[in-house]
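Each chain is listed here by its residues.
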Amino acid sequence: MVDSILTIRDIKFRAVNAPLARPIRTAVGAIPSAPLLLIDVGTDQGIVGRSYIFTYTIATLAPVARLAAEIIPELVGQPVVPVDIQRNFDRRFRLLGRQGLLGMLLSGLDMALWDALGRAADWPVVRLLGGQPLPLPAYDSYGIVDPIADEGAIRQSLERGFRAIKIKICDGGVEKDVATVAAVRRMIGPDIALMVDYNQSLDPPEAIRRIARLAAYDLAWVEEPVPAEDVQGHARVRAGSAIPVQTGENWWFPRDMANAIVAGASDFAMLDIMKIGGVSGWVRAAGQAEAASLPASSHIFVEATAHVLAVTPTAHWLEHLDSAAAIMAEPIEVRDGCIAAKGPGLGMSWDERAVARYAV
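Right, let's get into empty space enclosed by the protein. Taken as a whole and judged by the stated rule, the model has three cavities of 30 Å³ or more. Here the largest cavity defines a volume of roughly 50 Å³. Lining of the largest cavity is provided by Glu-303, His-307, Met-328, Glu-330, Pro-331, Ile-332, Ala-341, Lys-342, Leu-346, Gly-347 and Met-348. Within the lining of the largest cavity, the residues separate by chemical class into six nonpolar, two polar and three charged. Contributing to the lining of the second largest cavity are Pro-82, Ile-85, Gln-86, Phe-89, Leu-106, Leu-109, Asp-110 and Leu-113. If you list the elements that add at least two residues to the lining of the second largest cavity, you get helix H2 (82-92) and helix H3 (100-121).

Turning to helix H7 (residues 204-214), a few remarks are in order. Because the α-helix completes a turn every 3.6 residues, residues three or four places apart line up on one side. Looking at H7, one finds that the buried residues are Pro-204, Ala-207, Arg-210, Ile-211 and Leu-214. Looking down the long axis of H7, one finds its buried residues gathered within 130° of arc, a one-sided arrangement. Contacts from the buried residues of H7 go to helix H6 (174-188), strand S7 (221-223) and helix H8 (231-239). Capping the start of H7, Asp-203 holds a side-chain oxygen 2.9 Å from the backbone nitrogen of Glu-206, two or three residues further along.

Moving on to the environment of Asp-322. Tracing the sequence through the fold places Asp-322 in the loop between strand S11 (318-320) and strand S12 (338-339). The exposure class assigned to Asp-322 is buried, which follows from its relative accessible area of 18%. On a C-alpha basis, the gap between Asp-322 and Val-222 in space is 21 Å, while along the polypeptide they are 100 residues apart. Among residues more than four places away in sequence, those in contact with Asp-322 are Leu-20, Val-302, Glu-303, Pro-331 and Ile-332. Within the local environment of Asp-322, its side chain forms a polar contact with the backbone nitrogen of Ala-325, the two atoms lying 3.4 Å apart.

For the rest of this paragraph, the subject is the layout of surface pockets. A volume near 470 Å³ is recorded for the largest pocket. In this structure, the largest pocket is lined by 25 residues; those nearest its centre are Leu-20, Ala-21, Arg-22, Pro-23 and Ser-141. Of all the elements in the fold, those that place two or more residues in the lining of the largest pocket are strand S1 (8-26) and strand S4 (136-144). Taken together, the residues that form the lining of the largest pocket break down as 14 nonpolar, three polar and eight charged.

Before going further, it helps to examine the nonpolar core. Membership of the largest hydrophobic core comes to 86 residues, with the highest contact counts inside it found for Ile-11, Phe-13, Leu-36, Tyr-52, Ile-71, Leu-109 and Ile-327. Tallying contributions element by element places H3 first for this core, with eleven residues. With near-sequence residues (within four places) excluded, Leu-109 lies in contact with Ile-11, Phe-13, Ile-39, Ile-71, Leu-75 and Phe-89. Val-178, Ile-188, Ile-192 and Ile-211 belong to the second-largest nonpolar core, a separate cluster that totals 27 residues.

Position of Glu-206 among the secondary structure elements: in helix H7. The spacing of Glu-206 and Pro-225 is 19 residues in sequence and 9.1 Å in space, taken between C-alpha atoms. A distance of 2.8 Å separates polar atoms of two side chains, one belonging to Glu-206 and the other to Arg-210.

In this section: the sheet that holds strand S2 (residues 29-43). The antiparallel open sheet is built from three strands, whose spatial order is S1-S2-S3. Across the chains shown, the open sheet's two edge strands, defined by having one partner strand only, are S1 and strand S3 (48-54). Sheet twist, expressed as the average angle between the axes of neighbouring strands with direction ignored, equals 20°. Strand direction decides the pairing type here: S2 and S3, joined by seven bridges, are antiparallel. Within S3, the position partnered with Gly-42 by the bridge is Val-48.

Quick notes on the rules
- Residues numbered from 1 in each chain as written.
- Predicted model: local features only at pLDDT ≥ 70, side-chain atom pairs only at ≥ 80, totals over all residues.
- Heavy atoms only, no water.
- 1 Å grid on protein atoms, 1.4 Å probe; cavity = no way out; pocket = protein on both sides within 12 Å on 5 of 7 lines; lining within 4 Å.
- Points joined across faces, edges and corners; volume = space filled by probe spheres on them.
- Nonpolar A, V, L, I, M, F, W, Y, C, P; charged D, E, K, R; others polar.
- Helix = DSSP H or I, 4+ residues; strand = E, 2+ residues; numbered from the N terminus.
- Buried < 20%, exposed > 50% of the residue type's maximum accessible area, 1.4 Å probe, protein only.
- Arc of directions from axis to C-beta.
- Contact = heavy atoms within 4.5 Å.
- Polar contact = N/O pair within 3.5 Å; in protein donor to acceptor, adjacent residues only side chain to side chain.
- Core = buried A, V, L, I, M, F, W, Y, C linked by side-chain atoms within 4.5 Å.
- Pairing = 2+ DSSP bridges.
- Axes fitted to C-alpha atoms, helices over the stretch in contact; angles between N-to-C directions.

What is shown is where atoms sit, not what they do.
Here you go:
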């Protein structure tokens, strides 16, 4: 264990475009691969903290890397104190706001700093937060599926022990939604939880109409039926829906979450660690979820969220959508449908040969 305070020596950023085991089809476009910005925070003690951010489209990799280059110099020489660093950035960017690429970058830096602290202590981050690695129930997350072509993959998910499956819908009219959901429900049986995700593709009246047609299929939730920023629209859908509504993956920092809670926008909270403020922001958001009695699930970033979800009082489901597996030296493991945090730190090490292969 390192006793002295860690100091940031340098920060390196590398862009990769990693292949996905299952390219993701959504109602608003396809994600064929994972554009990732890898973050390595070097310290004066030789410890390196790691994290990554997922930019959704390769077009944003270069802009976020340039933004990172502007922020690096002011961090070099500072102690590794992620809460204070995030507070300082909050003040610096108060007039701009921290959403978008800037928010993603700041959250990624926060995760890398926590990773460095965990590695210095030779502990997983979950222990720094007062918890321990726990096997968290995960659901296997799919894009838009073809019930015939994808049946083998879905059955393989069940064989791996997953007790929940999520699919995306809305690549056609309501009849196609119903046919897809009905086919998947028949395939997985009545005892496996089934969630659906509209990826913000409807307006409130159409969402209410479609959800009514899906109510017969015992869905655990319907996710982001309307645009994420429309918290009043989500509240309206929730009031008219027989299926619980899930949203939250596009809440920027805990303040967005607070606004959604006040509006009554969701039955649950789905937190994205890259948008909610990294580990530091997640801890604050988890307190809000507990106060509002909202079951909290994670959105992608399986490695980091296995740590923070384990100390979340209202922990619900962990989303299994492993966007960074191709560049990990030791990809996350699924055991009997559950995922547990690994250490030290956030438990991530790069496969440098893969990083070089997929560099952009």
